Amino acid sequence: MTVAAATAGTAVTTATTNTITTPDGPFTVITADGSVLASGWTDDVASLLALIHPALRPGAVEPVVGATPAGDAVRAYYDGDLQAPARLAVRQRSGPYRESAWETLRQVAPGERVTYTELAARTGRPGAVRAAAGACAMNAAALFVPCHRVLRSDGALGGFRYGLPIKESLLGREHGDRR
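The name an unreviewed UniProt entry gives the protein chain is Methylated-DNA--[protein]-cysteine S-methyltransferase, with Georgenia deserti as the organism.

Shown next, in the form of structure tokens:
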């Protein structure tokens, strides 16, 4: 599934939240109309809502207890189906470059690592290394848009909104270390 760019008039009125227990800590997903709007290793829904572009930010959120497609994808990922998050739609909104970079990130396969320089090249703008890093930093849909697979050009982990230990754990899991 792709990162769908929102257009005028597509504001979200109500979304659902689902928090899943994972080996890396609580993981919350905000979804609306079958698409992931935001997600990350936190149980703080307000912090995730703040990441959603104002044009997409829901007016209300309702917690869901039990199975949801997004929650099932997260569980499947941690159970070894590393492609599961890629099968769900994601809705994020920003400028054209950032939206393109998020689409490109979704094509980075589990176990593959790319640098910010390589990500910029894959977007068709090899000189946009800082913009590629900015797209990673502004990604609201962690795991579903796998910014954790992007490293610095020297091979160092770089940054990650949810902390380097989680990034390291995800990369290890995707290379066969099922911590």
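Further notes follow.
(A) Structural view of the packing of helix α3 (residues 96-105) against helix α5 (residues 129-137). The contact between α3 and α5 brings their axes to 9 Å, and the two run at 75°. Taken together, the axes of α3 and α5 are roughly perpendicular relative to one another. On α5, the residues that touch Y97, R98, A101, W102 and L105 of α3 are A131, A132, G134, A135 and C136. Of the residues contributing to the contact of α3 with α5, the split by class is 8 nonpolar, 1 polar and 1 charged.

(B) A look at the environment of P146. Residue position: P146 is located in the loop between α5 and β8 (150-151). Its relative accessible area of 3% is what places P146 among the buried residues. Residues P146 and C136 lie 10 residues apart in sequence; the distance between their C-alpha atoms is 8.7 Å. Those residues in contact with P146 that sit more than four places away from it in its chain are L105, R106 and V108.

Calculation rules
Residues numbered from 1 in each chain as written. Predicted model: local features only at pLDDT ≥ 70, side-chain atom pairs only at ≥ 80, totals over all residues. Heavy atoms only, no water. Axes fitted to C-alpha atoms, helices over the stretch in contact; angles between N-to-C directions. Helix = DSSP H or I, 4+ residues; strand = E, 2+ residues; numbered from the N terminus. Parallel < 35°, antiparallel > 145°, perpendicular 65-115°, else oblique. Contact = heavy atoms within 4.5 Å. Nonpolar A, V, L, I, M, F, W, Y, C, P; charged D, E, K, R; others polar. Buried < 20%, exposed > 50% of the residue type's maximum accessible area, 1.4 Å probe, protein only.

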